[in-house]
Amino acid sequence: MEDLQGKMGEAELMGCFEDALQFGHIFAVYQPQINHSTGRMVGAEALMRWRHPIYGVQMPGDFIPVLEKNNLIYRADLHIFETVCKFQRKCLDQGISIIPISVNMSRYDIYNTNYVEEIEGLRKKYDIPVQYLRLEITESSAIGGREMITRVLRQLHDHGYTVEMDDFGSGYSSLNILKDLDVDVIKLDMAFLSGDIGGRGGTILSSIVQMTKWLNTPVIAEGVETMEQADYMKSTGCNYIQGYLYYRPLPEEEFLEKMVQLDHEPLTPAMNLVKTLDAGKFWDPNSMETLIFNNFVGGAAIFTYNIDTKQKKILRVNRKYVKELGMNMNEHDIIGHDTWNHFDAEEDQKYEDMLRRAIESGDEEMSETWRTVVSDCCGEDHICIRTYARIIGEAGNEYLVYAMVQNVTAEKKRDQQVAEDEIRFKAAFEQANIYAWEYTIATKEMRPCFRCMRDLGLPPLVRNYPEPAIEAGIFPPDYADMYRDWHKKLEEGVESLETIIPLTVGRVPFHVRYTLVKDENGHPLKALGSATLVVDGEA
(Lines give C-alpha, C1' and ligand atoms only; values in the text may rest on other atoms or scores of the structure.)
Protein backbone atom coordinates (compact mmCIF):
# COMPACT_ATOMS: atom_id res chain seq x y z
CA MET A 1 0.00 0.00 0.00
CA GLU A 2 1.38 3.42 -0.91
CA ASP A 3 1.72 6.04 1.81
CA LEU A 4 -0.67 8.43 0.11
CA GLN A 5 -3.47 7.14 -2.11
CA GLY A 6 -6.03 9.91 -2.00
CA LYS A 7 -7.24 12.95 -0.13
CA MET A 8 -10.48 12.50 1.76
CA GLY A 9 -13.16 15.18 1.85
CA GLU A 10 -14.72 16.57 5.01
CA ALA A 11 -17.74 14.30 4.87
CA GLU A 12 -15.58 11.22 4.40
CA LEU A 13 -13.31 12.21 7.28
CA MET A 14 -16.27 12.78 9.56
CA GLY A 15 -17.86 9.55 8.51
CA CYS A 16 -14.92 7.40 9.48
CA PHE A 17 -13.68 9.33 12.53
CA GLU A 18 -15.08 6.91 15.10
CA ASP A 19 -13.57 3.91 13.30
CA ALA A 20 -10.25 5.79 13.08
CA LEU A 21 -10.15 6.11 16.86
CA GLN A 22 -11.37 2.54 17.49
CA PHE A 23 -9.04 0.78 15.07
CA GLY A 24 -5.95 2.96 15.48
CA HIS A 25 -6.09 4.67 12.11
CA ILE A 26 -5.37 7.86 14.08
CA PHE A 27 -2.06 7.15 15.78
CA ALA A 28 1.11 8.78 17.12
CA VAL A 29 4.55 9.11 15.63
CA TYR A 30 7.46 10.35 17.70
CA GLN A 31 10.16 12.88 16.84
CA PRO A 32 13.17 12.76 19.21
CA GLN A 33 14.68 15.89 20.76
CA ILE A 34 18.48 15.79 20.96
CA ASN A 35 21.15 17.72 22.80
CA HIS A 36 23.35 18.81 19.89
CA SER A 37 26.38 19.07 22.20
CA THR A 38 26.17 15.56 23.66
CA GLY A 39 24.07 13.55 21.18
CA ARG A 40 21.81 12.43 24.03
CA MET A 41 18.03 12.27 23.87
CA VAL A 42 16.22 14.78 26.10
CA GLY A 43 12.64 14.08 25.05
CA ALA A 44 10.31 13.60 22.10
CA GLU A 45 7.15 15.04 20.61
CA ALA A 46 4.15 12.85 19.82
CA LEU A 47 2.58 13.92 16.51
CA MET A 48 -0.87 12.94 15.29
CA ARG A 49 -1.15 10.97 12.05
CA TRP A 50 -4.13 9.44 10.20
CA ARG A 51 -3.82 6.52 7.78
CA HIS A 52 -7.09 5.37 6.18
CA PRO A 53 -7.14 1.69 5.16
CA ILE A 54 -8.27 2.63 1.63
CA TYR A 55 -7.28 6.26 1.04
CA GLY A 56 -3.94 5.99 2.83
CA VAL A 57 -2.13 8.73 4.75
CA GLN A 58 -4.05 11.95 5.28
CA MET A 59 -2.02 15.10 5.79
CA PRO A 60 -2.39 16.81 9.20
CA GLY A 61 -3.02 20.10 7.42
CA ASP A 62 -6.09 18.50 5.80
CA PHE A 63 -7.74 16.57 8.63
CA ILE A 64 -6.88 18.65 11.73
CA PRO A 65 -8.84 21.73 10.56
CA VAL A 66 -11.84 19.46 9.87
CA LEU A 67 -11.68 18.03 13.38
CA GLU A 68 -11.32 21.51 14.86
CA LYS A 69 -14.26 22.80 12.85
CA ASN A 70 -16.49 19.94 14.05
CA ASN A 71 -15.36 20.12 17.69
CA LEU A 72 -13.72 16.69 17.58
CA ILE A 73 -10.06 17.66 17.92
CA TYR A 74 -10.14 17.33 21.70
CA ARG A 75 -11.18 13.68 21.35
CA ALA A 76 -8.34 13.08 18.89
CA ASP A 77 -5.91 14.83 21.26
CA LEU A 78 -7.10 12.69 24.16
CA HIS A 79 -6.62 9.61 21.99
CA ILE A 80 -3.01 10.60 21.27
CA PHE A 81 -2.41 11.36 24.95
CA GLU A 82 -3.73 7.91 25.87
CA THR A 83 -1.63 6.33 23.11
CA VAL A 84 1.48 7.92 24.66
CA CYS A 85 0.47 6.72 28.13
CA LYS A 86 0.06 3.16 26.81
CA PHE A 87 3.48 3.31 25.15
CA GLN A 88 5.15 4.63 28.32
CA ARG A 89 3.41 1.98 30.42
CA LYS A 90 4.59 -0.79 28.09
CA CYS A 91 8.18 0.48 28.36
CA LEU A 92 8.03 0.70 32.15
CA ASP A 93 6.60 -2.78 32.42
CA GLN A 94 9.49 -4.09 30.29
CA GLY A 95 12.08 -2.22 32.38
CA ILE A 96 12.94 0.19 29.57
CA SER A 97 14.15 3.63 30.61
CA ILE A 98 11.70 6.23 29.26
CA ILE A 99 11.99 9.92 28.41
CA PRO A 100 9.47 12.79 28.62
CA ILE A 101 7.10 12.92 25.66
CA SER A 102 5.25 16.07 24.65
CA VAL A 103 1.64 15.96 23.51
CA ASN A 104 -0.04 18.82 21.66
CA MET A 105 -2.95 20.61 23.25
CA SER A 106 -5.07 22.71 20.89
CA ARG A 107 -7.06 25.84 21.67
CA TYR A 108 -10.21 23.70 21.52
CA ASP A 109 -8.83 21.49 24.28
CA ILE A 110 -8.29 24.61 26.37
CA TYR A 111 -11.88 25.69 25.84
CA ASN A 112 -13.04 22.30 27.10
CA THR A 113 -13.10 22.91 30.86
CA ASN A 114 -12.74 19.18 31.63
CA TYR A 115 -9.68 18.56 29.47
CA VAL A 116 -7.11 18.78 32.28
CA GLU A 117 -9.14 16.42 34.45
CA GLU A 118 -9.49 13.98 31.57
CA ILE A 119 -5.78 13.77 30.78
CA GLU A 120 -4.98 13.53 34.48
CA GLY A 121 -7.41 10.61 34.71
CA LEU A 122 -5.62 8.87 31.83
CA ARG A 123 -2.22 9.47 33.39
CA LYS A 124 -3.37 7.94 36.66
CA LYS A 125 -5.06 5.04 34.84
CA TYR A 126 -1.74 4.01 33.32
CA ASP A 127 0.29 5.14 36.36
CA ILE A 128 2.77 7.26 34.43
CA PRO A 129 4.99 9.59 36.53
CA VAL A 130 3.97 13.13 35.62
CA GLN A 131 7.53 14.21 34.76
CA TYR A 132 7.40 11.97 31.68
CA LEU A 133 4.43 13.76 30.11
CA ARG A 134 4.51 17.30 28.75
CA LEU A 135 1.78 19.41 27.21
CA GLU A 136 2.42 21.71 24.26
CA ILE A 137 0.39 24.80 23.50
CA THR A 138 0.92 26.82 20.35
CA GLU A 139 1.60 30.51 20.45
CA SER A 140 -1.41 31.17 18.24
CA SER A 141 -3.71 29.36 20.66
CA ALA A 142 -2.74 31.83 23.37
CA ILE A 143 -4.00 34.84 21.43
CA GLY A 144 -7.46 35.99 22.42
CA GLY A 145 -8.08 33.71 25.39
CA ARG A 146 -5.37 34.74 27.83
CA GLU A 147 -7.41 34.34 31.01
CA MET A 148 -8.65 30.87 30.07
CA ILE A 149 -5.17 29.70 29.10
CA THR A 150 -3.73 31.10 32.31
CA ARG A 151 -6.31 29.09 34.28
CA VAL A 152 -5.51 25.88 32.37
CA LEU A 153 -1.75 26.39 32.84
CA ARG A 154 -2.30 26.82 36.56
CA GLN A 155 -4.25 23.56 36.68
CA LEU A 156 -1.55 21.72 34.74
CA HIS A 157 1.16 23.06 37.01
CA ASP A 158 -0.85 22.10 40.07
CA HIS A 159 -0.78 18.51 38.82
CA GLY A 160 2.97 18.73 38.10
CA TYR A 161 2.96 18.88 34.28
CA THR A 162 5.63 20.66 32.26
CA VAL A 163 4.09 23.04 29.70
CA GLU A 164 5.84 23.94 26.47
CA MET A 165 5.08 26.83 24.15
CA ASP A 166 5.30 25.59 20.56
CA ASP A 167 6.09 27.68 17.46
CA PHE A 168 7.35 30.60 19.51
CA GLY A 169 8.14 33.58 17.32
CA SER A 170 5.64 32.69 14.62
CA GLY A 171 2.89 34.98 15.93
CA TYR A 172 2.48 38.70 16.32
CA SER A 173 2.53 39.03 20.11
CA SER A 174 5.31 36.70 21.13
CA LEU A 175 6.84 38.88 23.83
CA ASN A 176 3.49 39.76 25.40
CA ILE A 177 2.55 36.08 25.55
CA LEU A 178 5.89 35.14 27.05
CA LYS A 179 5.47 37.86 29.64
CA ASP A 180 1.97 36.79 30.68
CA LEU A 181 2.04 32.98 30.40
CA ASP A 182 3.98 30.83 32.83
CA VAL A 183 5.39 28.24 30.40
CA ASP A 184 8.27 25.94 31.31
CA VAL A 185 9.89 25.29 27.92
CA ILE A 186 10.04 27.38 24.75
CA LYS A 187 10.18 25.81 21.28
CA LEU A 188 11.59 28.19 18.70
CA ASP A 189 10.21 28.35 15.20
CA MET A 190 13.23 27.87 12.92
CA ALA A 191 11.50 29.71 10.11
CA PHE A 192 13.65 32.63 11.25
CA LEU A 193 16.65 30.86 9.75
CA SER A 194 15.04 30.03 6.43
CA GLY A 195 17.36 32.55 4.79
CA ASP A 196 20.80 33.82 5.72
CA ILE A 197 21.86 32.48 9.12
CA GLY A 198 23.88 35.59 9.80
CA GLY A 199 21.00 37.90 8.92
CA ARG A 200 18.24 39.57 10.89
CA GLY A 201 16.49 36.27 11.68
CA GLY A 202 19.63 34.89 13.31
CA THR A 203 20.01 38.04 15.36
CA ILE A 204 16.41 37.74 16.59
CA LEU A 205 16.84 34.08 17.52
CA SER A 206 20.06 34.83 19.40
CA SER A 207 18.32 37.61 21.33
CA ILE A 208 15.41 35.32 22.23
CA VAL A 209 17.80 32.67 23.57
CA GLN A 210 19.61 35.28 25.66
CA MET A 211 16.29 36.54 27.02
CA THR A 212 15.07 33.08 28.00
CA LYS A 213 18.20 32.55 30.07
CA TRP A 214 16.97 35.25 32.42
CA LEU A 215 13.59 33.51 32.53
CA ASN A 216 15.38 30.30 33.57
CA THR A 217 13.57 28.54 30.71
CA PRO A 218 15.02 25.78 28.48
CA VAL A 219 14.78 26.34 24.71
CA ILE A 220 14.28 23.75 21.98
CA ALA A 221 14.94 24.69 18.36
CA GLU A 222 12.24 22.99 16.28
CA GLY A 223 12.46 22.29 12.55
CA VAL A 224 16.26 22.10 12.36
CA GLU A 225 17.23 20.58 9.02
CA THR A 226 20.92 21.37 8.49
CA MET A 227 24.11 21.10 10.52
CA GLU A 228 24.72 24.80 9.87
CA GLN A 229 21.44 25.67 11.60
CA ALA A 230 22.18 23.37 14.53
CA ASP A 231 25.69 24.75 15.00
CA TYR A 232 24.38 28.31 14.86
CA MET A 233 21.77 27.59 17.53
CA LYS A 234 24.46 25.99 19.68
CA SER A 235 26.56 29.14 19.33
CA THR A 236 23.67 31.18 20.75
CA GLY A 237 23.38 28.89 23.76
CA CYS A 238 20.54 26.68 22.49
CA ASN A 239 21.72 23.06 22.43
CA TYR A 240 18.37 21.27 22.20
CA ILE A 241 17.39 20.33 18.67
CA GLN A 242 14.30 18.77 17.09
CA GLY A 243 14.10 18.24 13.35
CA TYR A 244 15.02 16.24 10.29
CA LEU A 245 18.74 16.84 10.85
CA TYR A 246 18.61 14.11 13.48
CA TYR A 247 15.30 12.27 13.03
CA ARG A 248 12.07 12.50 11.11
CA PRO A 249 8.91 11.57 13.09
CA LEU A 250 9.29 7.83 13.76
CA PRO A 251 6.73 5.04 14.09
CA GLU A 252 6.49 3.64 17.58
CA GLU A 253 8.73 0.60 17.02
CA GLU A 254 11.50 2.64 15.39
CA PHE A 255 11.26 5.26 18.11
CA LEU A 256 11.49 2.59 20.79
CA GLU A 257 14.63 1.25 19.13
CA LYS A 258 16.26 4.72 19.11
CA MET A 259 15.17 5.41 22.68
CA VAL A 260 16.88 2.23 23.83
CA GLN A 261 20.04 2.91 21.82
CA LEU A 262 20.65 6.52 22.88
CA ASP A 263 21.70 7.81 26.26
CA HIS A 264 19.21 10.09 27.97
CA GLU A 265 19.59 13.37 29.85
CA PRO A 266 17.10 15.86 31.29
CA LEU A 267 16.30 19.28 29.95
CA THR A 268 18.06 21.89 32.03
CA PRO A 269 17.28 25.61 32.33
CA ALA A 270 19.13 27.90 29.96
CA MET A 271 20.72 29.70 32.90
CA ASN A 272 20.99 28.40 36.45
CA LEU A 273 21.02 31.58 38.52
CA VAL A 274 22.20 31.83 42.08
CA LYS A 275 19.30 31.22 44.44
CA THR A 276 19.39 34.74 45.84
CA LEU A 277 18.93 36.38 42.43
CA ASP A 278 15.40 36.92 41.13
CA ALA A 279 15.83 37.79 37.45
CA GLY A 280 12.37 39.30 37.15
CA LYS A 281 12.93 41.70 40.03
CA PHE A 282 16.43 42.50 38.85
CA TRP A 283 15.15 43.82 35.53
CA ASP A 284 12.18 45.63 37.12
CA PRO A 285 13.14 49.34 37.23
CA ASN A 286 11.04 49.83 40.36
CA SER A 287 12.31 46.85 42.35
CA MET A 288 14.49 47.03 45.44
CA GLU A 289 17.14 44.97 43.61
CA THR A 290 17.42 47.61 40.89
CA LEU A 291 17.40 50.42 43.45
CA ILE A 292 20.35 48.83 45.27
CA PHE A 293 22.21 48.05 42.03
CA ASN A 294 21.88 51.62 40.79
CA ASN A 295 22.44 53.57 43.99
CA PHE A 296 23.93 51.64 46.89
CA VAL A 297 26.82 49.69 45.43
CA GLY A 298 29.92 50.91 43.66
CA GLY A 299 30.52 50.64 39.94
CA ALA A 300 28.91 47.38 38.84
CA ALA A 301 28.16 45.47 35.65
CA ILE A 302 26.46 42.24 34.58
CA PHE A 303 27.89 40.42 31.57
CA THR A 304 27.93 36.98 29.95
CA TYR A 305 31.14 35.05 29.40
CA ASN A 306 31.59 32.05 27.11
CA ILE A 307 34.50 30.01 28.42
CA ASP A 308 35.09 28.31 25.03
CA THR A 309 34.97 31.32 22.70
CA LYS A 310 36.10 33.83 25.37
CA GLN A 311 33.31 36.09 24.15
CA LYS A 312 31.98 38.58 26.68
CA LYS A 313 28.83 40.66 26.35
CA ILE A 314 27.77 43.38 28.75
CA LEU A 315 24.07 43.22 29.63
CA ARG A 316 23.77 45.93 32.23
CA VAL A 317 25.82 48.61 34.01
CA ASN A 318 24.95 51.13 36.71
CA ARG A 319 25.68 54.84 36.79
CA LYS A 320 28.71 54.46 39.04
CA TYR A 321 30.26 52.01 36.58
CA VAL A 322 29.98 54.63 33.86
CA LYS A 323 31.52 57.20 36.20
CA GLU A 324 34.45 54.92 37.05
CA LEU A 325 35.35 54.61 33.37
CA GLY A 326 35.07 58.37 32.87
CA MET A 327 35.60 60.04 29.49
CA ASN A 328 32.02 61.46 29.59
CA MET A 329 30.63 58.15 28.39
CA ASN A 330 27.08 56.95 28.99
CA GLU A 331 25.50 53.53 29.41
CA HIS A 332 24.80 53.20 25.68
CA ASP A 333 28.47 53.86 24.88
CA ILE A 334 29.52 50.96 27.07
CA ILE A 335 26.84 48.39 26.25
CA GLY A 336 26.98 49.19 22.54
CA HIS A 337 30.71 48.50 22.22
CA ASP A 338 33.04 45.60 22.89
CA THR A 339 34.82 46.86 26.00
CA TRP A 340 37.38 44.06 25.91
CA ASN A 341 38.74 45.22 22.57
CA HIS A 342 40.44 47.94 24.63
CA PHE A 343 42.73 45.37 26.32
CA ASP A 344 46.04 44.32 24.90
CA ALA A 345 46.80 40.59 24.86
CA GLU A 346 48.60 40.51 28.22
CA GLU A 347 45.90 42.45 30.08
CA ASP A 348 43.14 40.40 28.44
CA GLN A 349 44.82 37.22 29.67
CA LYS A 350 44.86 38.61 33.22
CA TYR A 351 41.12 39.20 32.97
CA GLU A 352 40.54 35.73 31.54
CA ASP A 353 42.52 34.18 34.38
CA MET A 354 40.36 36.03 36.92
CA LEU A 355 37.13 34.77 35.31
CA ARG A 356 38.38 31.20 35.24
CA ARG A 357 39.38 31.43 38.90
CA ALA A 358 35.90 32.74 39.71
CA ILE A 359 34.33 29.79 37.87
CA GLU A 360 36.54 27.26 39.67
CA SER A 361 36.26 28.77 43.15
CA GLY A 362 32.63 29.89 43.08
CA ASP A 363 33.85 32.89 45.04
CA GLU A 364 34.82 36.50 44.38
CA GLU A 365 38.09 36.96 42.49
CA MET A 366 40.08 40.13 41.71
CA SER A 367 42.26 41.47 38.92
CA GLU A 368 43.84 44.78 37.98
CA THR A 369 44.02 45.47 34.25
CA TRP A 370 44.99 48.43 32.10
CA ARG A 371 42.80 49.33 29.17
CA THR A 372 42.44 52.14 26.66
CA VAL A 373 39.04 53.82 26.88
CA VAL A 374 37.85 55.74 23.84
CA SER A 375 34.98 58.21 23.64
CA ASP A 376 33.75 60.40 20.81
CA CYS A 377 34.11 63.61 22.79
CA CYS A 378 37.29 63.04 24.81
CA GLY A 379 39.51 60.91 22.61
CA GLU A 380 41.25 58.14 24.54
CA ASP A 381 42.72 57.51 27.96
CA HIS A 382 44.77 54.68 29.45
CA ILE A 383 43.22 53.62 32.74
CA CYS A 384 43.66 50.86 35.31
CA ILE A 385 40.51 49.11 36.58
CA ARG A 386 40.40 46.89 39.64
CA THR A 387 37.66 44.29 39.11
CA TYR A 388 36.01 41.97 41.63
CA ALA A 389 34.09 39.26 39.75
CA ARG A 390 31.64 36.61 40.93
CA ILE A 391 29.70 34.01 38.90
CA ILE A 392 25.94 34.38 39.42
CA GLY A 393 24.61 32.13 36.66
CA GLU A 394 25.64 29.18 34.52
CA ALA A 395 24.40 27.69 31.25
CA GLY A 396 26.71 24.99 29.97
CA ASN A 397 29.80 26.76 28.70
CA GLU A 398 28.35 30.24 29.29
CA TYR A 399 28.42 32.11 32.59
CA LEU A 400 26.71 35.17 33.98
CA VAL A 401 29.17 37.42 35.79
CA TYR A 402 28.59 40.16 38.35
CA ALA A 403 31.55 42.57 38.43
CA MET A 404 32.36 45.43 40.81
CA VAL A 405 34.92 47.91 39.47
CA GLN A 406 37.17 50.65 40.80
CA ASN A 407 39.23 53.07 38.74
CA VAL A 408 42.65 52.87 40.43
CA THR A 409 44.59 54.76 37.77
CA ALA A 410 45.62 57.58 40.13
CA GLU A 411 46.67 55.09 42.80
CA LYS A 412 48.73 53.11 40.31
CA LYS A 413 50.39 56.24 38.96
CA ARG A 414 51.28 57.32 42.50
CA ASP A 415 52.75 53.89 43.18
CA GLN A 416 54.68 54.11 39.96
CA GLN A 417 55.98 57.57 40.90
CA VAL A 418 57.05 56.32 44.33
CA ALA A 419 58.85 53.39 42.74
CA GLU A 420 60.61 55.68 40.29
CA ASP A 421 61.55 58.09 43.10
CA GLU A 422 62.95 55.19 45.10
CA ILE A 423 65.10 54.14 42.15
CA ARG A 424 66.40 57.70 41.80
CA PHE A 425 66.93 57.92 45.57
CA LYS A 426 68.93 54.70 45.55
CA ALA A 427 70.99 55.94 42.65
CA ALA A 428 71.67 59.23 44.45
CA PHE A 429 72.79 57.33 47.53
CA GLU A 430 75.15 55.30 45.42
CA GLN A 431 76.64 58.40 43.87
CA ALA A 432 76.97 60.28 47.18
CA ASN A 433 78.35 57.34 49.19
CA ILE A 434 75.74 57.94 51.92
CA TYR A 435 74.41 55.44 54.44
CA ALA A 436 71.19 56.26 56.26
CA TRP A 437 69.08 54.78 59.03
CA GLU A 438 66.23 55.51 61.39
CA TYR A 439 66.53 55.01 65.14
CA THR A 440 63.43 54.68 67.34
CA ILE A 441 64.38 56.02 70.76
CA ALA A 442 61.81 54.28 72.95
CA THR A 443 62.43 50.78 71.60
CA LYS A 444 66.11 51.19 70.63
CA GLU A 445 65.33 49.76 67.19
CA MET A 446 67.25 50.77 64.08
CA ARG A 447 66.02 50.37 60.50
CA PRO A 448 68.90 50.58 58.00
CA CYS A 449 68.85 51.68 54.36
CA PHE A 450 69.38 49.21 51.54
CA ARG A 451 73.11 50.10 51.30
CA CYS A 452 73.59 49.37 55.00
CA MET A 453 72.03 45.97 54.53
CA ARG A 454 73.90 45.27 51.31
CA ASP A 455 77.39 46.52 52.29
CA LEU A 456 77.42 45.97 56.05
CA GLY A 457 75.25 42.85 56.28
CA LEU A 458 72.68 44.41 58.62
CA PRO A 459 69.18 42.91 58.89
CA PRO A 460 66.06 45.01 58.06
CA LEU A 461 65.54 45.59 61.82
CA VAL A 462 68.36 45.92 64.39
CA ARG A 463 67.27 45.65 68.02
CA ASN A 464 69.11 47.06 71.10
CA TYR A 465 70.97 49.47 68.86
CA PRO A 466 73.88 50.41 68.81
CA GLU A 467 75.29 47.30 70.52
CA PRO A 468 75.03 44.92 67.52
CA ALA A 469 76.81 47.48 65.28
CA ILE A 470 79.59 47.87 67.85
CA GLU A 471 79.93 44.11 68.27
CA ALA A 472 80.15 43.71 64.47
CA GLY A 473 83.04 46.19 64.33
CA ILE A 474 81.16 48.77 62.28
CA PHE A 475 81.94 51.29 65.02
CA PRO A 476 85.54 50.79 66.33
CA PRO A 477 86.06 50.04 70.07
CA ASP A 478 87.78 53.38 70.73
CA TYR A 479 84.63 55.19 69.51
CA ALA A 480 82.10 52.85 71.11
CA ASP A 481 81.56 54.77 74.36
CA MET A 482 81.24 58.07 72.51
CA TYR A 483 78.59 56.55 70.19
CA ARG A 484 76.69 55.07 73.16
CA ASP A 485 76.76 58.52 74.83
CA TRP A 486 75.24 60.04 71.66
CA HIS A 487 72.17 57.84 72.06
CA LYS A 488 71.77 58.92 75.70
CA LYS A 489 71.89 62.55 74.56
CA LEU A 490 69.21 61.84 71.95
CA GLU A 491 67.02 60.41 74.74
CA GLU A 492 67.58 63.66 76.67
CA GLY A 493 66.43 65.77 73.67
CA VAL A 494 69.65 66.93 72.03
CA GLU A 495 68.45 67.94 68.55
CA SER A 496 71.57 67.25 66.47
CA LEU A 497 74.92 65.54 66.74
CA GLU A 498 77.77 65.15 64.25
CA THR A 499 81.44 64.22 64.00
CA ILE A 500 83.91 62.30 61.82
CA ILE A 501 84.29 58.66 62.82
CA PRO A 502 86.55 56.01 61.25
CA LEU A 503 84.11 53.20 60.54
CA THR A 504 84.57 49.47 59.89
CA VAL A 505 87.74 47.48 60.39
CA GLY A 506 89.29 49.52 57.59
CA ARG A 507 88.71 52.72 59.64
CA VAL A 508 87.33 54.58 56.66
CA PRO A 509 86.41 58.14 57.75
CA PHE A 510 82.70 59.04 57.54
CA HIS A 511 80.87 62.18 58.57
CA VAL A 512 78.20 60.81 60.95
CA ARG A 513 75.13 62.96 61.72
CA TYR A 514 71.99 62.57 63.83
CA THR A 515 68.88 64.75 63.63
CA LEU A 516 66.24 64.39 66.35
CA VAL A 517 62.50 64.11 65.56
CA LYS A 518 60.04 64.92 68.37
CA ASP A 519 56.38 64.02 68.84
CA GLU A 520 53.49 66.50 69.10
CA ASN A 521 54.27 66.95 72.83
CA GLY A 522 57.90 67.78 72.21
CA HIS A 523 59.24 64.46 73.49
CA PRO A 524 62.08 62.67 71.63
CA LEU A 525 60.54 60.18 69.17
CA LYS A 526 63.21 59.07 66.74
CA ALA A 527 66.48 60.12 65.21
CA LEU A 528 67.52 60.14 61.55
CA GLY A 529 71.11 59.09 61.12
CA SER A 530 73.47 59.28 58.16
CA ALA A 531 77.10 58.54 57.38
CA THR A 532 78.74 60.31 54.42
CA LEU A 533 82.13 59.31 53.07
CA VAL A 534 84.76 61.97 53.83
CA VAL A 535 86.43 63.13 50.63
CA ASP A 536 89.98 64.42 50.44
CA GLY A 537 90.39 67.87 51.97
CA GLU A 538 87.32 67.64 54.24
CA ALA A 539 88.13 68.56 57.81
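Let me sum up the structure you'll find in this document. The written sequence of each chain sets the order in which its residues are numbered from 1. For this predicted model, a pLDDT threshold of at least 70 governs which residues receive local features, and a threshold of 80 or more governs which side-chain atom pairs are given and counted, while totals over whole chains, interfaces and linings are taken from all residues. The side-chain quantities take in all heavy atoms of the structure and omit both hydrogens and water.

What counts as a ring pair is set by centres within 6.5 Å for rings of Phe, Tyr and Trp (its six-membered ring), and what kind of pair is set by the plane angle: stacked under 30 degrees, edge-to-face over 60, tilted for all other angles. The full count for this structure, using the stated rule, is 14 aromatic pairs. For the pair Tyr435 and Phe510, a centre-to-centre distance of 5.8 Å together with 70° between the ring planes defines the contact as edge-to-face. Taken together, the residues span a long stretch of sequence, with Tyr435 in strand β16 (residues 434-440) and Phe510 in strand β19 (residues 508-518) at a distance of 75 residues. Both residues of the pair, Tyr435 and Phe510, count as buried. Ring centres of Tyr483 and Trp486 lie 6.1 Å apart, and the angle between their planes is 45°; this geometry places the pair in the tilted category. In this pair, Tyr483 and Trp486 are both assigned in helix α20 (residues 480-492), three residues apart and thus about one turn of the helix distant. Taken together, the aromatic side chains of Trp437, Tyr439, Tyr465, Phe475, Tyr483, Trp486 and Tyr514 make up a single cluster linked through ring pairs. Over the ring of Tyr435 we find Arg451; its NZ or CZ atom is 4.4 Å from the centre of that ring. Numbering of helices and strands starts at the N terminus; helices are DSSP runs of H or I of at least 4 residues and strands are runs of E of at least 2. Per-residue accessibility, obtained with a 1.4 Å probe over protein chains only, is compared with the maximum for each type, and a residue is labelled buried under 20%, exposed over 50%, and partly exposed between these values. Any Lys NZ or Arg CZ found within 6 Å of a ring centre and within 35 degrees of that ring's normal is scored as a charge over the ring.

Another point: the environment of Cys85. With respect to the helices and strands, Cys85 occurs in helix α4 (residues 73-93). With a relative accessible area of 0%, Cys85 lands in the buried category. Measuring from C-alpha to C-alpha, the distance between Cys85 and Leu133 comes to 8.3 Å, with 48 residues separating the pair along the chain.

Salt bridges, as used here, are contacts in which a Lys or Arg side-chain nitrogen is within 4 Å of a carboxyl oxygen on Asp or Glu. Within the structure shown, the criterion is met by 33 salt bridges. Here Glu252 ties to Lys90 by a salt bridge, and the two come within 2.8 Å at their closest N and O atoms. Placement of the pair is Glu252 in helix α11 (residues 252-261) and Lys90 in helix α4, with a sequence separation of 162 residues. A salt bridge links Glu164 to Arg134; its shortest N-O distance comes to 3.5 Å. Of the two residues, Glu164 sits in strand β6 (residues 162-168) while Arg134 sits in strand β5 (residues 133-138), which places them 30 residues apart along the sequence. Like Glu164, the residue Arg134 is buried in the burial classification. Shared partners join several salt bridges into a network, and the residues in it are Glu45, Glu136, Lys187 and Glu222.

Note that soluble globular proteins tend to have their nonpolar side chains buried in a common cluster. Among buried residues, the Ala, Val, Leu, Ile, Met, Phe, Trp, Tyr and Cys ones that are joined through side-chain atoms within 4.5 Å form a nonpolar core. Judged by nonpolar contacts, the single largest core of 74 residues is most densely connected at Leu156, Met233, Phe255 and Met259. It is α4 that contributes the most residues to this core, nine residues altogether. Not counting residues up to four positions away in its chain, the partners in contact with Met259 are Met41, Phe87, Cys91, Ile96, Ser97, Ile98, Ile99 and His264. Grouped together as the second largest cluster of nonpolar side chains are 28 residues, Tyr439, Leu458, Ala480 and Leu490 included. Residue contacts are counted whenever heavy atoms from the two residues lie within 4.5 Å of one another.

Moving on, we come to the sheet that holds β19. By definition, two strands form a pair when at least two bridges between them are found by DSSP. Taking strand neighbours across the sheet as the criterion, the five strands line up as β17-β16-β20-β19-β18 in an open arrangement whose pairing is antiparallel. Edge positions in the open sheet fall to β17 (445-448) and β18 (496-503), since each of these has one partner strand only. Neighbour-to-neighbour, the strand axes of the sheet open up by a mean angle of 20°, direction not taken into account. For β19 and strand β20 (residues 524-533), the ladder comprises nine bridges, and the chain directions are antiparallel. Looking across to β20, one finds that Val517 is bridged to Lys526. Of the strands in this sheet, β16, β18, β19 and β20 are in contact with α20, which crosses β18 at around 165°. Lines fitted to C-alpha atoms define the axes here, with helix axes fitted over just the stretch in contact, and angles between the N-to-C directions of these axes take values from 0 to 180 degrees.

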